[in-house]
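Residue-level listing of the chains:
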Amino acid sequence: MKNYRLEKTEKKIKECIEHLEFFRKYFEIDDDFEIYFKEKNILRPYHRSQETLEFHLLFVIAELEINLCIKNFYNSKTDIEKNTA
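Residues numbered from 1 in each chain as written. Predicted model: local features only at pLDDT ≥ 70, side-chain atom pairs only at ≥ 80, totals over all residues. Heavy atoms only, no water.

> Break down helix α1 (residues 4-39) for me, with residues and values.
Between its terminal C-alpha atoms α1 stretches 53 Å, which fits the 52 Å expected from 36 residues at 1.5 Å a residue. For α1, every residue scored as buried is listed here: L6, T9, I13, C16, F23, D30 and F37. Of the residues one or two after α1, N41 is the one with positive phi, at around 55°. (Helix = DSSP H or I, 4+ residues; strand = E, 2+ residues; numbered from the N terminus. Expected span 1.5 Å × (residues − 1). Buried < 20%, exposed > 50% of the residue type's maximum accessible area, 1.4 Å probe, protein only.)

> Tell me what's going on with the packing of aromatic side chains, and back it up with residues and numbers.
Under the criterion given, the structure shown has seven aromatic pairs. Here the aromatic rings of F22 and Y26 are separated by 6.5 Å at their centres, their planes lie at 25°, and the arrangement is stacked. Separated by four residues within a single helix, F22 and Y26 lie in helix α1, roughly one turn from each other. Considering the side-chain rings of F73 and Y74, the 6.3 Å spacing of their centres and the 55° angle between planes classify their relative orientation as tilted. A relative accessible area of 37% places F73 in the partly exposed class. (Phe/Tyr/Trp six-rings, centres within 6.5 Å; stacked < 30°, edge-to-face > 60°.)

Okay, structure coming up:
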């Protein structure tokens, strides 16, 4: 019998990992821009979107951690593991 809650949790974990991969690539590109502006001695423009992305990243990490805890709870084998959650 399928556990639909576990499937939904695994889907959310996968989505969070995809979001984190996007952020990793974004911040790598952002670092390249930073190097470019320093080499050209140009003042880098400030973007509020950077703060928004960092705030979103915080929530993605929190959601990933919650879903990993839920998955571990579903996969726990002993009563001790289930009672300490």
